[in-house]
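Here is what each chain is made of, one letter per residue.
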Amino acid sequence: MVVECCGVLEELCGGSEYRLRLPRFPISIAELIERLAAEQPAAREMLGRTACAVGDHIVSRERLLQRGERLVLLPPVSGG
Amino acid sequence: MADELAGCSHLTRAPLDLAVLLDLSLGPEDGALAVFGGTVRRHNDGKQVRAIAYSAYAPFAERRLQEIEAQAVARGGARICLVRHRLGELSIGDLSVLVVVRSEHRAEAFAAARHAIEAIKHSVPIWKREEYSDGTHAYVMGCELHEEHHG
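Being a predicted model, the structure only gives us computed values, none of them experimental.

Participant: Could you give me a rundown of the pairing of strand β7 (residues 95-103) of chain B, with the residues and numbers involved?
Facilitator: All names here are of chain B. For β7, the buried fraction is high: eight of the nine residues fall into the buried class. Pairing of strand β2 (residues 32-39) with β7 involves eight bridges; the strand directions are antiparallel. Each bridged residue has a counterpart across the sheet, and for Ala32 the counterpart in β7 is Ser103. With six bridges connecting them, strand β5 (residues 80-86) and β7 associate as antiparallel partners. Each residue of the ladder has a partner; that of Arg84, found in β7, is Leu98.

See the structure below:
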């Protein structure tokens, strides 16, 4: 599954798109993030402060992701 | 990147144009005009800033900016609020964000403009990466997004 990494997560995860191999679908966002943090420990702390979006809406970490959905990771924002 | 901003009217890589927003918002019943602009500052946290690179999660940011315009009018009592945010690498002094509000009286214009810029800073998925004169860079750690922010 491809996870879109925004802002500082692009640097911490090594690119704007991160390919994560998942054992099954559906899978909770919480579990996906834990797997990502295990693979990219430098990003773990920031992932704890990160909101998750599917499309143009923020979703909770309890939400289940289906195959083909795209998760977007939104670290703390700093527009203006 | 051009594709990323397709359909976005509130996000642009081009320089922001205040005159266009003043013209777009003009109305004969308004007695007040409030403008807020954010510009790139040469220093932050004791470091010499050379430039700031702005990035966004465009579909979400575009929707939020449209919502902020509507909320600023509804909450502040202004007649119209227009906001625009620039993306890409900006130099010192460049405009990064513009808020233009018109209303019958000044109190509503100030209130709506303040509401809009605070909402932009707290709830729009835009990130700034400061480029320093010593060759290093750092993302500015701002506000965490929460579910309730998307309205």
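Participant: Hey, could you go over the sheet that holds strand β2 (residues 17-19) of chain A for me, with residue numbers and the actual values?
Facilitator: All names here are of chain A. Spatial strand order, β2-β1-β7-β4-β5: five strands in an open sheet with mixed pairing. The sheet terminates laterally at β2 and β5 (57-59), the two strands that pair on one side only. Adjacent strand axes in the sheet meet at a mean angle of 35°, parallel and antiparallel pairs treated alike. Of the strand pairs in this sheet, strand β1 (residues 2-5) and strand β7 (residues 71-74) are connected by three bridges, and their pairing is parallel. Paired with Glu4 across the two strands is Val72, which belongs to β7. With respect to the sheet, helix α2 (residues 29-39) is in contact with β1, β2, β4 (51-54), β5 and β7, its orientation differing from that of β7 by roughly 65°.

Participant: How would you sum up the packing of aromatic side chains? Please name residues and give values.
Facilitator: If you walk through the whole model with that rule in mind, you get one aromatic pair over all chains. Directly above the aromatic system of Tyr132 of chain B lies the positively charged group of Lys47 of chain B, at a separation of 4.4 Å from the ring centroid.

Participant: Provide a residue-level description of the pattern of salt bridges, including the pertinent values.
Facilitator: Pairs may arise between side chains of opposite charge once their charged atoms sit close together. Taken as a whole, this structure holds 17 salt bridges over all chains when the rule is applied. Arg49 of chain A is paired through a salt bridge with Glu144 of chain B; the nearest N and O atoms lie 3.3 Å apart. Remark: Glu144 of chain B occurs in the segment after β9 (137-139) and Arg49 of chain A occurs in the loop between α3 (44-47) and β4; the pair is interchain, linking two chains. Looking at Arg49 of chain A, the relative accessible area reads 28%, which means it is partly exposed. Of the charged contacts in the structure, one is a salt bridge between Glu67 of chain B and Arg64 of chain B, with a shortest N-O distance of 2.6 Å. Here Glu67 of chain B pairs with Arg64 of chain B, and both are found in helix α2 (residues 58-76), just three residues apart, close to one helical turn. By relative accessible area, Arg64 of chain B is classed as buried at 2%. A network of salt bridges, in which partner residues are shared, links Asp56 of chain A together with Arg63, Arg64 and Glu67 of chain B.

Participant: Could you give an account of the interface of chain A and chain B, with specific residues and numbers?
Facilitator: Contact with chain A, which involves 23 residues of that partner, is made by 29 residues of chain B. Area buried by chain A at its contact with chain B is led by Ile58, Val77 and Gly80 of chain A, which between them contribute 30% of it. If you look at where chain A meets chain B, you find three salt bridges. In this structure, Glu11 of chain A engages Arg129 of chain B in a salt bridge whose closest nitrogen and oxygen atoms are separated by 3.2 Å. The interface formed by chain A and chain B holds 16 residue pairs in polar contact (both at pLDDT 80 or more) in total. Where the side of chain A that touches chain B is concerned, the elements lending two or more residues are α1 (8-12), β4, β5 and β7 of chain A. Among the elements that take part in the side of chain A that touches chain B, β5 of chain A stands out by supplying three residues, more than any other.

Participant: I'd like a rundown of the sheet that holds β5 of chain B, residues and numbers included.
Facilitator: Residue and element names in this part refer to chain B. Read across the sheet, four strands follow the order β1-β5-β7-β2 without closing on themselves; strand pairing throughout is mixed. Across the chains shown, the open sheet's two edge strands, defined by having one partner strand only, are β1 (11-12) and β2. The pairing of β1 with β5 spans two bridges and is parallel. Along β5, the bridge assignment pairs Leu11 with His85. Here helix α1 (residues 18-25) sits on the sheet and contacts β2, β5 and β7; the angle it forms with β7, its principal contact strand, is near 20°.

Reading the values: the criteria
- Residues numbered from 1 in each chain as written.
- Chains lettered and ligands numbered in written order.
- Predicted model: local features only at pLDDT ≥ 70, side-chain atom pairs only at ≥ 80, totals over all residues.
- Heavy atoms only, no water.
- Buried < 20%, exposed > 50% of the residue type's maximum accessible area, 1.4 Å probe, protein only.
- Helix = DSSP H or I, 4+ residues; strand = E, 2+ residues; numbered from the N terminus.
- Pairing = 2+ DSSP bridges.
- Axes fitted to C-alpha atoms, helices over the stretch in contact; angles between N-to-C directions.
- Contact = heavy atoms within 4.5 Å.
- Phe/Tyr/Trp six-rings, centres within 6.5 Å; stacked < 30°, edge-to-face > 60°.
- Lys NZ or Arg CZ within 6 Å of the ring centre and 35° of its normal.
- Salt bridge = Lys/Arg side-chain N within 4 Å of Asp/Glu carboxyl O.
- Buried area = accessible area lost by both parts, 1.4 Å probe.
- Polar contact = N/O pair within 3.5 Å; in protein donor to acceptor, adjacent residues only side chain to side chain.

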